[in-house]
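Coordinate inspection notes
The chain contents come next:
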Amino acid sequence: MRWGCHLPRASWSPGLGRVLQPADERIPFLIHWSWPLKGEGPLGSPRAFIRHNGSSVGNGPSSGRHGQLFRGIAASEAIQRHRHNLAEWFSRLPREERQFGPTFALDTVHVDPVIRESTPDELLRPLAELALERQPPSAGLPQLALSQLFDPDACGRRVQTVVLYGTVGTGKSTLVRKMVLDWCYGRLPAFELLIPFSCEDLSSLGPAPASLCQLVAQRYTPLKEILPLMATAGSRLLFVLHGLEHLNLNFSLASTGLCSDPEKPEVPAAIIVNLLRKYMLPEASILVTTRPSAIGRIPSKYVGRYGEICGFSDTNLQKLYFQLRLNQPDCGPGAGGVSVTPAQRDHLVQMLTRNLEGHHQISAACFLPSYCWLVCATLHFLHAPTPAGQTLTSIYTSFLRLNFSGEMLDSTDPSKLSLMAYAARTMGKLAYEGMSSRKTYFSEEDVRGCLEAGVQTEEEFQLLHVFRRDALRFFLAPCVEPGHEGAFVFTVPAMQEYLAALYIVLGLRKTTLQRVGKEVAELVGRVGEDVSLVLGIVAKLLPFRALPLLLNLLKVVPRVFGRVVGKSREAVAQAMVLEMFREEDYYNDDVLDQMGASILGVEGPRRHPDEPPDDEVFELFPMFMGGLLSAHNRAVLAQLGCPIKTLDALENAQAIKKKLGKLGRQVLPPSELLDHLFFHYEFQNQRFSAEVLGSLRQLNLAGVRMTPLKCTVVAAVLGSGRHALDEVNLASCQLDPAGLRTLTPVFLRARKLGLQLNSLGPEACRDLRDLLLHDQCQVTTLRLSNNPLTAAGVALLLEGLAGNTSLKHLSLLHTGLGDEGLELLAAQLDRNQQLRELNVAYNGAGDTAALALAKAAWKHPSLELLHLYFNELSPECRQALRDLGSATEGGARVVVSLTEGTAVSEYWSVILSEVQRNLNSWDRGRVRRHLELLLRDLEDNRGATLNPWRKAQLLRVEGEVRALLEQLGGPGS
């Protein structure tokens, strides 16, 4: 994986005029409402309107032009109710869009794609072999804005019928949706009445006859009163026919007779044909949208203008889209109070813009507005509050649902094959074979081989032709990277891994042995019982010794095939697990950081995603494998015509569990451990995760940048477990208070908790206090070193210590406590009776505060060790602390130096290891000064002792200190 739109297709389906369903479901937009609407003017826009690159707005909202044809009060009110109902319905957004914030709406983020006028001669020109290259605009044919669609043509002739066509993902549905909303808000003054029809809805009516007036009245109840006036509306009446590929039109008179009466019942396809012929309502304007393969269903003599929707062929349109989409305010704080600030959103937009300018492949992908949507959804998932249950796999599955739901490959084909099912079979094969051979660049022969595999009949070649014209560009794009001219790549690299995983879980990958074995097993299964019955009777009549053996063989064949399939699943699971735990990737970042860097680009001297590594890695493949087996994604895929059988899902899960159980018990690097947890998050199966992760005892994510999403992943996977974690190490993870709150369920299971080097301040101590006071807290060791807690934070921690009974070891090394912090500890240390070790070294404390804390520690009933080295202590204070520690048996030992008297302290290695560990993060001048003092102390003690053994020990420690001083650039001797 090397690097990671429009609004989704309108979901228009049958069932019109029924009760309004939840917006998440695929329900018809042509539902009507009958509430009254006051006022006679067009609806006012409820929000600021932003329009870019060609508006459907004419010369501004109409003033007095409305009502010229529909002058009566009743007619005007009917039109207003119609506007209101359309606006209400077309403003509804699916769940996938509502994640972008409460103010998100089509009015505020729409960017018109490029529309290029084309000619019938150009449409008849043979396509390129793979239909992937973007054709250059023809000379003399400029780009079109929506407001120019019905302008007179080059010869001055009036244009009444416009056909807009584009491949999957170019934004046809978005244009229709936006055009309808423009009319509802009075921004299309050229039309007094707009009637949209979904051809998918009309096709669902079958051969049942109905008149045009009935079709309109059933879908738009307010228009019943003005149906007789439609014939007088002329060109001010606009019909929008969306998705013509769903209708099988026949313009021959022998099949579809002439009909000019809008009230005469006919088959819906016949009504559409007569509208397009201009035999019914000849003056009406018609806008048609369709996929390229269905353009020929309308004879060109009935079309006044063709327009090809070319997506965002201009990079500036892509940038504008991202700015509008990503700058939407969030829905509110997510888990743990996480929210994205305006500055963070601006930073995301700036990084993405820079990457678009320098990374041409991502710009080529965002040529399709659909993929602009996918990029924004992925960034929103990575950086914004994550809705409950949302996963990366669900984003990709929803992305495909928004573009392919309800889409058949060819409505004229009797097989009614789902477009997504065909893509999974062909593109999935290419994706998996590329992943198996570890390549992401494909030659034309590679692509053709996967597309034409198994194609033999004329019908199959026709389906292949339709797929090439309509959807191939959605999945594959010409490679624009230097050195790979003529090659093809998946539009986004992650889509290759998603389709490869889909190819596997759908059971489409079969070896020759599996295919033959399945046929034999099915044949034996069908006739096995009958043959066994006959042979059983024959065996009783004739003494054939071989018959019992033959009977047993009939029973064994299905079992052998089952084992062959099982071995295949285990092999795939083995490959998936090995891919998950590979370390030969970009500096071994976790998969979420890799995905973010691929979209936003990388900073610093790292390998750029445009430069492939020596060995391609596909770490998203196992994530998608797990995600596609989840119940939610299987349900969505079933809607797309790609059902995954429950039994197959269980068997795949068992094979994966078996392999994860073996390899998952080994100690993993932090980034690979996070990938392992992310796999379980994608799978969304707590029982499966509990069984596989039951042996996990140490959670070491040190150095992993813990974003809000990663905190959510870890908490979701491990927060509900029952067994204790021996250690949770989150050192140097850039944690913040919101992350601490999200991870609290995991912290409650930890015995040792390391939160060093996270820039946690006093605010975080509030959450740590709540953790310590929790009745299920079992933390015995808490390391908070190198965090700016200050005295204010310690005051909160002391409240938690007062009510805690589990904590034994507390490290506050280099936390900016100062004298005030140590004095607070001295005053309230006795409120906790279980603490055994307290480290307050390197906190800038003076003699008075250090002595006060040492005396409180000496009186403490359980405290055994107090660290005070590297504080601003005078020689007299250090000597007093040594004397206090050795004055009476049983008191806490105080560590202030590398020596104890003339001997080396037994804690000298602890002190120097802390210095070595933090050498790059501490104040080098201050550390050098303390080391020089320690070195002088060692030299003085070495001169004061006559014991050769002690001299040798002191010399050894002196050498360690000198080595540290040399690293700091100080005098080593």
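The rules behind the values
Residues numbered from 1 in each chain as written. Predicted model: local features only at pLDDT ≥ 70, side-chain atom pairs only at ≥ 80, totals over all residues. Heavy atoms only, no water. Buried < 20%, exposed > 50% of the residue type's maximum accessible area, 1.4 Å probe, protein only. Helix = DSSP H or I, 4+ residues; strand = E, 2+ residues; numbered from the N terminus. Contact = heavy atoms within 4.5 Å. Expected span 1.5 Å × (residues − 1). Phe/Tyr/Trp six-rings, centres within 6.5 Å; stacked < 30°, edge-to-face > 60°. Lys NZ or Arg CZ within 6 Å of the ring centre and 35° of its normal. Pairing = 2+ DSSP bridges. Axes fitted to C-alpha atoms, helices over the stretch in contact; angles between N-to-C directions. pLDDT = per-residue confidence, 0-100. Core = buried A, V, L, I, M, F, W, Y, C linked by side-chain atoms within 4.5 Å.

Describing helix H28 (residues 708-718)
Burial runs high along H28: 9 of the 11 residues are buried. Listed as buried for H28 are Leu709, Lys710, Cys711, Thr712, Val713, Val714, Ala715, Val717 and Leu718. In this structure, the buried residues of H28 make contact with helix H13 (369-383), helix H22 (591-600), helix H26 (670-683), strand E10 (698-700), helix H29 (737-742) and helix H30 (744-747).

Considerations on helix H11 (residues 342-358)
Count 3.6 residues to each turn of an α-helix, and residues three or four apart come out pointing the same way. Helix length check: H11, at 17 residues, gives a terminal C-alpha distance of 25 Å against a target of 24 Å (1.5 Å per residue), a fit within 8%. For H11, the set of buried residues is Arg345, Leu348, Val349, Met351, Leu352, Thr353, Asn355 and Leu356. Close packing links the buried residues of H11 with helix H10 (315-326), helix H12 (360-365), H13 and H22.

Section: the packing of aromatic side chains
Under the counting rule described, the total for this entry stands at 27 aromatic pairs. Ring centres of Phe474 and Phe475 lie 5.0 Å apart, and the angle between their planes is 80°; this geometry places the pair in the edge-to-face category. Comparing Phe474 with Phe475, the two get one shared label, buried. Between Phe683 and Phe688, the ring centres sit 4.6 Å apart and the planes meet at 75°, which makes this aromatic pair edge-to-face. Comparing Phe683 with Phe688 shows no difference in burial state: the two are buried. Site record: aromatic cluster; members linked through ring pairs are Tyr371, Trp373, Phe399, Phe404, Tyr422, Phe467, Phe474 and Phe475. Residue placement shows Arg83 over the ring face of Trp183; its charged tip is 4.1 Å from the ring centre.

Looking at the pairing of strand E1 (residues 115-118)
What you see with E1 is no split at all: Ile115 and Glu117 on one side and Arg116 and Ser118 on the other are buried throughout. Note that E1 and strand E7 (residues 305-309) share 4 bridges and pair antiparallel. Bridged to Glu117 within E7 is Gly307. Of the strand pairs in this sheet, E1 and strand E2 (residues 143-144) are connected by 2 bridges, and their pairing is antiparallel.

Remarks on the sheet that holds strand E3 (residues 161-165)
A sheet is described by the order of its strands in space; here 7 strands give the open sequence E2-E1-E7-E3-E6-E5-E4, paired in mixed fashion. The strands lining the two open edges of the sheet, one partner per strand, are E2 and strand E4 (193-198). Sheet topology places E3 next to E7; 4 bridges connect them, and they run parallel. Looking at the pairing, Tyr165 lines up with Glu308 of E7. Sitting on the sheet, helix H5 (residues 172-184) touches E1, E3, E4, strand E5 (237-242), strand E6 (285-290) and E7, and the angle it makes with E5 is about 155°.

As for unusual backbone geometry
For Arg438, which is not glycine, the phi dihedral falls at a positive 55°. Considering the arrangement of structural elements, one finds Arg438 in the loop between helix H15 (419-436) and helix H16 (444-451). Under the relative-accessibility criterion, Arg438 is labelled partly exposed at 25%. Although it is not a glycine, Gln684 sits at a positive phi angle of roughly 55°. One can find Gln684 in the loop between H26 and helix H27 (686-692). Judged by relative accessible area, Gln684 falls into the partly exposed class, the value being 41%.

Concerning the environment of Arg297
Take Arg297: it is sitting in the loop between E6 and E7. Using a relative accessible area of 15% as the deciding quantity, one classes Arg297 as buried. C-alpha separation for the pair Arg297 and Leu244, spaced 53 residues apart in sequence, amounts to 8.7 Å. When near neighbours in sequence (up to four residues on either side) are disregarded, Arg297 contacts Leu244, Glu245, His246, Leu247, Asn248, Leu249, Phe251, Asp410, Ser411 and Thr412.

Here's the deal with the confidence of the model for the chain
Per-residue pLDDT for the chain averages 80, and the proportion of residues at 70 or more is 77%. Considering only residues more than four positions removed or in separate chains, one finds that residues 2-41, a stretch of pLDDT under 50, has 151 contacts. Within the model, pLDDT remains below 50 along residues 603-614, and this stretch shows 29 contacts once partners closer than five positions in the same chain are excluded.

Considerations on the nonpolar core
With 177 residues, the main nonpolar core has Phe467, Leu755, Leu812, Leu838 and Leu868 as its most contacted residues. Considering every element that reaches this core, the biggest residue donor is H15, with 11 residues. Setting aside residues no more than four positions away along its own chain, Phe467 makes contact with Leu409, Leu419, Tyr422, Ala423, Thr426, Met427, Leu451, Leu472 and Phe475. Formed by 73 residues, the second largest nonpolar core is a distinct cluster that contains Trp89, Phe90, Leu144 and Met179.

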